[in-house]
Amino acid sequence: LAEWQSVWAYLERTDSKLLVPMVVRLEATSNHRERCEKARNLLAKYAGEFRRLTGKEIVLLQPGADGTYLPMPGVAGDAEAYEKRWEYLLASGRVVILPFTAEAARIVAERGARRQPPQHNKKDNTNDTNVWLTLLATKDAPAREIVFISHDTSAFATGGELHPGLRKELGDSQIHFCLG
């Protein structure tokens with residue numbers, strides 16, 4: 001959270017925008033849904049254990065707008081709340097979602113078949129490749145500064161540095177990388 005607060009402060013201070021590939025938004029929502037599902041399953045497991053040991057029911061509640069307490073929503077409700085946070089970010093004007101490129105599907109398949117980075121380290125890196133293709137599509141756009149941020153060093157880095165094959169694809173683009 002602290003990292004994103006500093007990114008947000010930077011965006012405001014420099015009047016910059018955060019460009020997010022569509023695949024990142026979709027993957028983040030799916031990951032959030034999966035984490036919610038796991039947490040709910042754990043809660044259900046321990047609530048069942050508590051019921052077995054004590055004979056008492058645990059009911060999870062959340063405060064309602066009118067001060068009453070309501071049953072917590074299921075995973076679908078959690079995912080909807082997560083999507084609302086994306087809508088808030090987009091409404092701020094500081095976050096821009098970059099669509100898939102027209103050629104992305106063909107290029108992703110070709111790169112995967114050749115095991116070309118960023119697809120070489122994992123079984124299925126189509127999302128990483130879509131992120132990379134989105135970056136390549138924006139690298140020559142007029143901008144003050146482009147910074148690529150990723151914690152997925154296995155997809156984009158070798159020895160803590162941008163993979164040499166990916167660096168070559170960028171040519172002389174002045175993109176800054178924060179990997180790790």
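First, a word on scope: everything that follows refers to the structure included in this document. Just so we're clear, the structure is a prediction, and the values are computed from it rather than from any experiment. Sequence order as written defines the numbering, with residues in each chain counted from 1. Given that this is a predicted model, residues contribute local features only at a pLDDT of at least 70 and side-chain atom pairs are listed and counted only at 80 or more, while totals for whole chains, interfaces and linings are drawn from all residues. With hydrogens and water stripped out, all remaining heavy atoms of the structure feed into the side-chain values.

Regarding the nonpolar core
Part 1 of the argument: One finds Trp132, Phe148, Phe156 and Leu162 to be the most contacted residues of the largest nonpolar core, which totals 18 residues.
Part 2 of the argument: Only DSSP runs of H or I reaching four residues or more are called helices, and only runs of E reaching two or more are called strands; each is numbered from the N terminus. Among the elements of the structure, α4 (104-114), α5 (126-138), β5 (146-150), α6 (153-156), α7 (164-170) and β8 (175-179) are those that each provide at least two residues to this core.
Part 3 of the argument: Among the elements that take part in this core, α5 stands out by supplying five residues, more than any other.
Part 4 of the argument: Setting aside residues no more than four positions away along its own chain, Leu162 makes contact with Trp132, Phe156, Ala157, Arg167, Leu170, Phe177 and Leu179.
Part 5 of the argument: Judged by nonpolar contacts, the second largest core, of eight residues, contains Leu11, Val20, Tyr82 and Ile97. Among buried residues, those of type Ala, Val, Leu, Ile, Met, Phe, Trp, Tyr and Cys that are joined through side-chain atoms within 4.5 Å constitute a nonpolar core. Relative accessibility decides the category of a residue: with a 1.4 Å probe and only protein chains considered, values under 20% of the type maximum give buried, values over 50% give exposed, and everything between is partly exposed. Any two residues whose heavy atoms approach within 4.5 Å are treated as being in contact.

Thoughts on the packing of helix α2 (residues 22-54) against α5
Part 1 of the argument: Interaxial angles span 0 to 180 degrees and are taken between N-to-C directions of axes, which are lines fitted to C-alpha atoms, for helices over the stretch in contact. α5 packs onto α2 with a crossing angle of 145° between their chain directions and a minimal axis gap of 8 Å. Judged by residue contacts, Val23, Val24 and Glu27 of α2 engage Asn127, Asn130 and Val131 from α5.
Part 2 of the argument: By the convention adopted, Pro, Cys, Tyr, Trp, Phe, Met, Ile, Leu, Val and Ala count as nonpolar, Lys, Arg, Asp and Glu as charged, and the other residues, Gly among them, as polar. Of the residues belonging to the contact of α2 with α5, the class tally is three nonpolar, two polar and one charged.

Section: unusual backbone geometry
Part 1 of the argument: Positive phi values are uncommon outside glycine, yet Asp15 reaches one of about 55°.
Part 2 of the argument: Considering the arrangement of structural elements, one finds Asp15 in the loop between α1 (2-14) and β1 (18-21).
Part 3 of the argument: Note on Asp15: relative accessible area 54%, which makes it exposed.

Section: the layout of surface pockets
Part 1 of the argument: In this structure, the largest pocket encloses a volume near 1900 Å³.
Part 2 of the argument: Lining the largest pocket are 50 residues, with Trp4, Leu18, Leu19, Val20 and Ile149 sitting closest to its centre.
Part 3 of the argument: For the lining of the largest pocket, the secondary structure elements donating two or more residues are α1, β1, α2, α3 (75-91), β4 (95-98), α5 and β5.
Part 4 of the argument: With nine residues, the top contributor of residues to the lining of the largest pocket is α1.
Part 5 of the argument: For the lining of the largest pocket, a count of residues per class yields 29 nonpolar, eleven polar and ten charged. A 1.4 Å probe that fits but cannot get out identifies a cavity on a 1 Å grid over protein atoms alone, an open set with protein on both sides within 12 Å along at least five of seven lines counts as a pocket, and a residue lines either if it has an atom within 4 Å of a point. Grid points are joined across faces, edges and corners, and a volume is the space filled by probe spheres set on the points.

Description of the pattern of salt bridges
Part 1 of the argument: Throughout this description, the term salt bridge denotes a Lys or Arg side-chain nitrogen within 4 Å of a carboxyl oxygen of Asp or Glu. Enumeration over the complete set of coordinates arrives at three salt bridges.
Part 2 of the argument: Arg52 is paired through a salt bridge with Glu49; the nearest N and O atoms lie 2.7 Å apart. Within this pair, Arg52 and its partner Glu49 are both found in helix α2, separated by three residues, close to a single helical turn.
Part 3 of the argument: Arg52 sits in the exposed class, given a relative accessible area of 58%.
Part 4 of the argument: Overall, Glu49 belongs to the partly exposed group, its relative accessible area being 34%.

Looking at α2
Part 1 of the argument: Take the residue count of a helix, subtract one, and multiply by 1.5 Å to get its expected span. Along its 33 residues, α2 runs 48 Å from first to last C-alpha, staying within 8% of the 48 Å computed at 1.5 Å per residue.
Part 2 of the argument: What α2 keeps buried is the set Val23, Arg25, Ala28, Thr29, His32, Cys36, Arg40, Ala47 and Gly48.

Some points on the packing of aromatic side chains
Part 1 of the argument: Between 30 and 60 degrees the pair is tilted, below 30 it is stacked and above 60 it is edge-to-face, where a pair is any two Phe, Tyr or Trp rings, Trp via its six-membered ring, whose centres lie within 6.5 Å. If you walk through the whole model with that rule in mind, you get one aromatic pair.
Part 2 of the argument: With a centroid separation of 6.2 Å and an interplanar angle of 35°, the aromatic rings of Trp132 and Phe156 are classed as tilted. Linking Trp132 in helix α5 with Phe156 in helix α6, this pair joins segments that are 24 residues apart in sequence. Accessibility classification places Trp132 together with Phe156 in one group, the buried group.

As for the side chain of Ser16
Part 1 of the argument: Summarising the element assignment, Ser16 is placed in the loop between α1 and β1.
Part 2 of the argument: The exposure class assigned to Ser16 is buried, which follows from its relative accessible area of 14%.
Part 3 of the argument: Contacts described as polar in this section are N or O atom pairs within 3.5 Å, which, within protein, must combine one atom able to donate a hydrogen with one able to accept it, while residues neighboring in sequence count only if both atoms come from side chains. Engagement of the side chain of Ser16 in a polar contact is seen with the side chain of Thr14, the distance being 2.6 Å.

Considerations on a nonpolar patch on the surface
Part 1 of the argument: Where nonpolar side chains cluster on the molecular surface, the patch consists of Leu43, Phe50, Ile58 and Leu60 and spans about 310 Å² of accessible area.
Part 2 of the argument: Looking at the secondary structure, you find Phe50 in helix α2.
Part 3 of the argument: Exposure remark for Phe50: the relative accessible area of 35% places this residue in the partly exposed category. Patch membership is restricted to residues that have no salt bridge and whose relative accessible area is over 30%. Joining uses 9 Å for like charges and 5 Å for the nonpolar side chains Val, Leu, Ile, Met, Phe, Trp and Tyr. The accessible surface values rely on the Shrake-Rupley method and a 1.4 Å probe; as for residues, cover is taken only from the protein chains in view.

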